[in-house]
Amino acid sequence: QVQLVESGGGLVQTGGSLRLSCAASGHPLSSHVMAWFLQAPGKERELVGYMIWSGGRTYHADSVKGRFTLSRDIAKNTMYLQMNSLKPEDTAVYYCACRRYSSGTYYTPVDYDYWGQGTQVTVSS
């Protein structure tokens, strides 16, 4: 069982930056994949990016490439989402998710077993 706790959300102006954190506990992450998803009001949850914890390889969705960056602190068992050049359309609840590493895909919410409670990001115009 993996417990995930997000933090770092808030209100920011267009063009600003935020850094979200996802602290994991309950199980070593060495055999896991960690991801960030967002869910805007009235829309489905969608992938922002994922990280294969062993080795740190990352994938970023096209919509955030060049603006958002996934990173990690292995000692703290924490993943980060650095968000720059924020736009009003980035307004959403951001969720951290986790699953064991295996063959298969990592792109949709159903691919993940563990979820955090979410953190609200609001970008004002």
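The structure we're discussing is the one just above.
Computed from a predicted structure; not experimentally measured.

Here is what the cut-offs are and how they apply
Residues numbered from 1 in each chain as written. Predicted model: local features only at pLDDT ≥ 70, side-chain atom pairs only at ≥ 80, totals over all residues. Heavy atoms only, no water. Helix = DSSP H or I, 4+ residues; strand = E, 2+ residues; numbered from the N terminus. Rg over C-alpha atoms; globule rule 2.2 N^0.38 Å. Buried < 20%, exposed > 50% of the residue type's maximum accessible area, 1.4 Å probe, protein only. Contact = heavy atoms within 4.5 Å. Areas by Shrake-Rupley, 256 points an atom, 1.4 Å probe, with all protein chains shown as cover. Core = buried A, V, L, I, M, F, W, Y, C linked by side-chain atoms within 4.5 Å. Pairing = 2+ DSSP bridges. Axes fitted to C-alpha atoms, helices over the stretch in contact; angles between N-to-C directions. Disulfide = S-S within 2.5 Å.

Novice: Would you mind going over the overall build of the protein chain in detail, with residue names and values included?
Specialist: Within the protein chain, the regular secondary structure consists of zero helices and eleven strands. Going from the N terminus to the C terminus, the protein chain shows its helices and strands as β-β-β-β-β-β-β-β-β-β-β. Here the C-alpha radius of gyration of the protein chain, 14 Å, is about what a compact globule of 125 residues would show, namely 14 Å. Referenced to the eigenvectors of the C-alpha coordinate spread, the extents of the protein chain come out at roughly 40 × 30 × 25 Å. The buried share of the protein chain, reckoned over its 125 residues, is 45%. Considering only contacts in the protein chain between residues 6 or more positions apart, those separated by 24 or more positions represent 56%. Summed over its atoms, the accessible surface of the protein chain is roughly 6300 Å², and 48% of this surface lies on carbon and sulfur atoms.

Novice: Can you explain the nonpolar core? Please cite residues and give values.
Specialist: If you look at the biggest cluster of nonpolar residues, it comprises 29 residues, and the most contacted ones within it are Met34, Trp36, Leu81, Met83 and Tyr94. Elements with a contribution of two residues or more to this core: strand S3 (18–25), strand S4 (32–39), strand S5 (46–52), strand S7 (68–73), strand S8 (78–83), strand S9 (92–100) and strand S11 (119–124). Every residue in contact with Met83, bar those within four places of it in the chain, is listed here: Gly16, Ser17, Leu18, Leu20, Arg67, Phe68, Tyr94 and Val121. Core analysis: the second largest hydrophobic core is formed by nine residues, Val33, Ala97, Tyr106 and Tyr112 among them.

Novice: So, the sheet that holds S3: which residues are in play, and what are the values?
Specialist: Across the sheet, which stays open at both edges, the four strands sit in the order S1-S3-S8-S7 with antiparallel pairing between neighbours. The two strands at the open ends of the sheet, each matched to only one other strand, are strand S1 (3–7) and S7. Here the strands of the sheet are splayed against their neighbours by 20° on average, with no regard to which way each runs. Of the pairings in the sheet, the one linking S1 to S3 comprises five bridges and is antiparallel in character. In the strand pairing of S3, Glu6 is matched with Cys22.

Novice: With reference to specific residues and values, describe the state of the cysteines.
Specialist: This model, assessed by the stated rule, comprises one disulfide. Across the disulfide, Cys22 is cross-linked to Cys96 (sulfur-sulfur distance 2.0 Å). With the S-S bond torsion at -75°, the cross-link from Cys22 to Cys96 turns out left-handed. Of this pair, Cys22 sits in strand S3 while Cys96 sits in strand S9, placing them 74 residues apart in sequence. With no disulfide of its own, Cys98 has Cys96 as its nearest cysteine by sulfur position, at a separation of 7.3 Å.

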